[in-house]
Amino acid sequence: MINKVGRDIPDELIGRHGVYMGAGYRDGETYTKCGVRARICEKPQGSKLVGSIREAIEKCGMKDGMTVSFHHHFRDGDYVASMVMKEIKAMGIKDVTIAASSLGTAHDAIADMIEEGIVTGIQTSGIRGRLGEVVSAGKLKTPAVIRSHGGRVRAIEEGDVHIDVAFIGAPTADEFGNARAVGGKSDCGVLSYAMADAKYADHVVIITDTLVPSPNLPASIQGIDVDYVVCVDAIGDPAKIAAKAARMTNDVRELTMAARCADVMAATPYFADGFTFQTGAGGPSLAVNRYLEPKMKAKNITMRWALGGISAPTVTLLESGLVNAIIDTQDFDQVAVKSAGENARHFEISASQYANPANKGAFVNQLDFVILAALEVDTDFNVNVLTGSDGVLRGAPGGHPDAAAGAKCCIIVTPLMRGRMATICEHVVTVTTPGECVDVVVTDHGIAVNPSRPDIAAWLDAAGIEHTTIEKLKELAYSIVGTPEPLEWEDKVVAVLEARDGSILDVVRQIKPYRFE
Amino acid sequence: MQLINRAMAGTLESSDAQISIAPGKDGIVLHIQSTVQNQYGRAIKQSVLDTLSKLGIENAEVDVNDRGALECTLRARVECAAYRSAGIEAGIPWEEM
């Protein structure tokens, strides 16, 4: 069946939420949240501390076919997912599904377990490195399910995903399971992505390397939701969890694009006192912060809040008083981690508060602007942030589709070409963010406004900002790199990409071995 | 053009291509490896064969390690490798290229 973004979804994969019918299609619908299995603890209680990860797994009654979950706040420095999965493997448990908020290069060991048939299901936002290659090669028994950060919480709350055991890495915890992300040896600032897991999983295990005296409050993960606590030597590599400070790009091309983004923002009436803003962690997206400051000062305005993944430039704006509050779901550097722990105007929120489309209003819905990157953008403004030009899984929708859908003005910033790859192209390999949610594309060779936003085009005209069509940008790119051949696919679907509302946005098939003839 | 030695041109930097060329006996034996193979593999093959043909090379072993080079870069690297292989250092017909 062909969906709203023109992708053909095999009938046998279409589930209870159907195929993608458009942004806001389920708006106003009511539903009953999935029931949660709880356990009554009415007697006097001692410590929840157990001696090892294995003991916790045994006590949770883990069996073949179960689903376990992990969060990705430790990013490339995560030890928890691999540590737990190695123990599960050693215990001979098979047919395991991993439902993680994201997976990356720290999880090569899981790629091996897919090849060995121990892990048979993957549900995640990000999939990279060996893991992406193994899944793309068709070695996972069931198609991977890829969701946005908001879509993941929706799936948990609607019961599309049932987590049997959540293993939550926590920088600090007390022996009753109250867990925080500040303090400890492997500080990550916030635990936003683990909060839904703690509330909905049948069993919750906290894994920490820093036990602290009770009460460890205010707790990101509350002891009332926790079954067991395990203390290990190290939950992560602090150097890989957060770099010292996100590097501000010196690349003239990236800086030029960032400056153009700020110009576009300032040309809209949304750029007024109390505006709200989110930016990605990529070079040009991050550099937009630098160009906003003089524009805000000149207009004598401040930002009400900055949302999402946080790094040093946003903290600088908060400390200089140009931003009133930071609403944080992930910290990309140590400056952000420190601010999350110390600054009273820097708030930790849950992934549901951030981006879930199935609650009564997430913060993304109140965004004026979001600046996002892309691997590819096509002439329908569809964005791909998941698959490479070789068709292999190597990215993450993350909060991209959520923020794009929620913001009044979504700006994609990307170079026209990367080497011989045309970033602006005829058809993206995979649609991860539908074009109807994208308003402006800023490249190093020009700006294109989505024809669905004549208002923005008029504001740019009034401000004297030149813009062209997305087709012209594509033609310019193709005139330099040549017209790419379409990728050739096998029939087998290796990953299903869900839209925020659970409908199917696209599928990724196994790539055919290339032949030069 | 008469190839004499094995010769190379280009680098493995992004947006470049490294070409190795050596005299051959059985026509053009071409090996291509490219970071953009799925989208440009056949175009790369065609560019290399065209360039060799223009230079009048009918027998050669050619290895292409492409890192997303534009077509103009690719052709220039092949020409350079060929001239080096033929030992031609002066009198290159720039106008014709």
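Residues numbered from 1 in each chain as written. Chains lettered and ligands numbered in written order. Predicted model: local features only at pLDDT ≥ 70, side-chain atom pairs only at ≥ 80, totals over all residues. Heavy atoms only, no water.

*Asks:* Which residues make up the overall build of chain B, and what values go with them?
*Replies:* Counting its secondary structure elements, chain B contains two helices and four strands. Shown N-terminal to C-terminal, the secondary structure of chain B runs as helices and strands in the order β-β-β-α-β-α. Scaling as 2.2 N^0.38, a compact globule of 97 residues should have a C-alpha radius of gyration of about 13 Å, and chain B matches this with 12 Å. Taken over the C-alpha atoms alone, chain B extends approximately 35 × 30 × 20 Å along its principal axes. In chain B, of all internal contacts separated by at least 6 residues, the share reaching a separation of at least 24 is 72%. (Helix = DSSP H or I, 4+ residues; strand = E, 2+ residues; numbered from the N terminus. Rg over C-alpha atoms; globule rule 2.2 N^0.38 Å. Contact = heavy atoms within 4.5 Å.)

*Asks:* Report on the overall build of chain A, specifying residues and quantitative values.
*Replies:* The number of helices and strands found in chain A is 15 helices and 25 strands. The C-alpha atoms of chain A give a radius of gyration of 23 Å, which matches the 24 Å a tight globule of 517 residues would have. Judged by the C-alpha coordinates and their principal axes, chain A covers about 70 × 60 × 45 Å. Residues classed as buried in chain A amount to 60% of the 517 residues present. Of the contacts formed within chain A by residues at least 6 apart in sequence, a portion of 72% connects residues at least 24 apart. Of the roughly 19800 Å² of accessible surface on chain A, 51% is carried by carbon and sulfur atoms. Separation of charge centres in chain A, based on 51 positive and 66 negative side chains, amounts to 2 Å. (Buried < 20%, exposed > 50% of the residue type's maximum accessible area, 1.4 Å probe, protein only. Areas by Shrake-Rupley, 256 points an atom, 1.4 Å probe, with all protein chains shown as cover. Lys, Arg positive; Asp, Glu negative; His and termini not counted. Charge placed at Lys NZ, Arg CZ, Asp CG, Glu CD.)

*Asks:* Mind laying out the side chain of Thr279(A), listing which residues take part and the relevant values?
*Replies:* Residue and element names in this part refer to chain A. With respect to the helices and strands, the residue Thr 279 is situated in strand 11 (residues 275-279). Polar side-chain contacts of Thr 279 include one of 2.8 Å to the backbone oxygen of Ser 285. Leave out the neighbours within four places in its chain, and Thr 279 touches Ser 285, Leu 286, Asn 289, Leu 307, Gly 309 and Ile 371. (Polar contact = N/O pair within 3.5 Å; in protein donor to acceptor, adjacent residues only side chain to side chain.)

*Asks:* Describe unusual backbone geometry, naming the residues involved and giving the relevant values.
*Replies:* All names here are of chain A. Going from Ser 214 to Pro 215, the amide bond is cis rather than trans, its omega being 0°. Along the chain, Pro 215 falls in the loop between strand 9 (203-208) and strand 10 (228-231). In the segment running from Leu 217 into Pro 218, the intervening peptide bond is cis, with an omega of -5°. One non-glycine residue, Arg 75, lies in positive phi territory at about 45°. By the element assignment, Arg 75 lies in the loop between strand 2 (67-70) and helix 2 (80-90). Given a relative accessible area of 27%, Arg 75 falls into the partly exposed group. Non-glycine residue Asp 95 carries a positive phi angle of around 60°.

*Asks:* So, the domain arrangement of chain A: which residues are in play, and what are the values?
*Replies:* Residue and element names in this part refer to chain A. According to the domain assignment, chain A consists of domain 1 (47-241) and domain 2 (252-487). Computed over C-alpha atoms only, the centres of domain 1 and domain 2 are separated by 29 Å. Taken together, the contact pairs 31 residues of domain 1 with 31 residues of domain 2. Roughly 2300 Å² of surface becomes buried between domain 1 and domain 2 when both sides are summed, with 59% attributable to carbon and sulfur atoms. Ranking the residues of domain 1 by area buried against domain 2 places Arg 75, Val 190 and Tyr 193 at the top, with a combined share of 19%. Our count for the contact surface shared by domain 1 and domain 2 stands at zero salt bridges. (Domains from an automatic or database assignment. Buried area = accessible area lost by both parts, 1.4 Å probe. Salt bridge = Lys/Arg side-chain N within 4 Å of Asp/Glu carboxyl O.)

*Asks:* Could you give an account of the sheet that holds strand 6 (residues 165-170) of chain A, naming the residues involved and the relevant values?
*Replies:* Residues and elements named next belong to chain A. Read across the open sheet, the ten strands follow the order 1-10-9-6-2-3-4-5-24-25; overall the sheet is mixed. Since the sheet does not close on itself, it has two edges, and those belong to strand 1 (49-50) and strand 25 (504-511), each with one partner. In this structure, strand 2 lies alongside strand 3 (residues 96-100), joined through four bridges in parallel fashion. Within the sheet, the bridge partner assigned to Phe 70 lies in strand 3 and is Ala 100. Against the sheet, helix 2 contacts strand 2, strand 3, strand 4 (119-124), strand 6 and strand 9, and its axis sits at roughly 155° relative to strand 2. (Pairing = 2+ DSSP bridges. Axes fitted to C-alpha atoms, helices over the stretch in contact; angles between N-to-C directions.)

*Asks:* Before we move on, could you go through helix 11 (residues 334-342) of chain A and cite the residues and values that matter?
*Replies:* All names here are of chain A. Those residues of helix 11 that fall on the buried side of the exposure criterion are Ala 336, Val 337, Ser 339 and Ala 340. What you see down the axis of helix 11 is that its buried residues fit within an arc of 165°, all on one side. More than 90 degrees from the buried face of helix 11, the exposed residues found are Lys 338 and Glu 342. For helix 11, the elements touching its buried residues are strand 12 (303-310), helix 10 (312-319), strand 13 (323-331) and strand 14 (346-348). Residue Asp 333 occupies the N-cap position of helix 11, its side-chain oxygen lying 3.3 Å from the main-chain nitrogen of Val 335. (Arc of directions from axis to C-beta.)

*Asks:* Describe the pairing of strand 10 of chain A, naming the residues involved and giving the relevant values.
*Replies:* Regular strands show a simple pattern: their side chains alternate between the two faces of the sheet. Residue and element names in this part refer to chain A. In the sheet, strand 1 pairs with strand 10 via two bridges, with the strands oriented parallel. Along strand 10, the bridge assignment pairs Leu 49 with Val 229. Two elements, strand 9 and strand 10, share four bridges in a ladder whose sense is parallel. Looking across to strand 10, one finds that Val 205 is bridged to Tyr 228.

*Asks:* Give a detailed account of the environment of Thr208(A), specifying residues and quantitative values.
*Replies:* All names here are of chain A. Turning to its location among the elements, Thr 208 is positioned in strand 9. Placed 69 residues apart in sequence, Thr 208 and Lys 139 show a C-alpha to C-alpha distance of 32 Å. In contact with Thr 208, not counting residues within four places along its chain, are Ala 170, Pro 171, Thr 172, Ala 173, Val 230, Cys 231, Val 232 and Ile 235. For Thr 208, the side chain forms a polar contact with the main-chain oxygen of Ala 170, separated by 2.7 Å.

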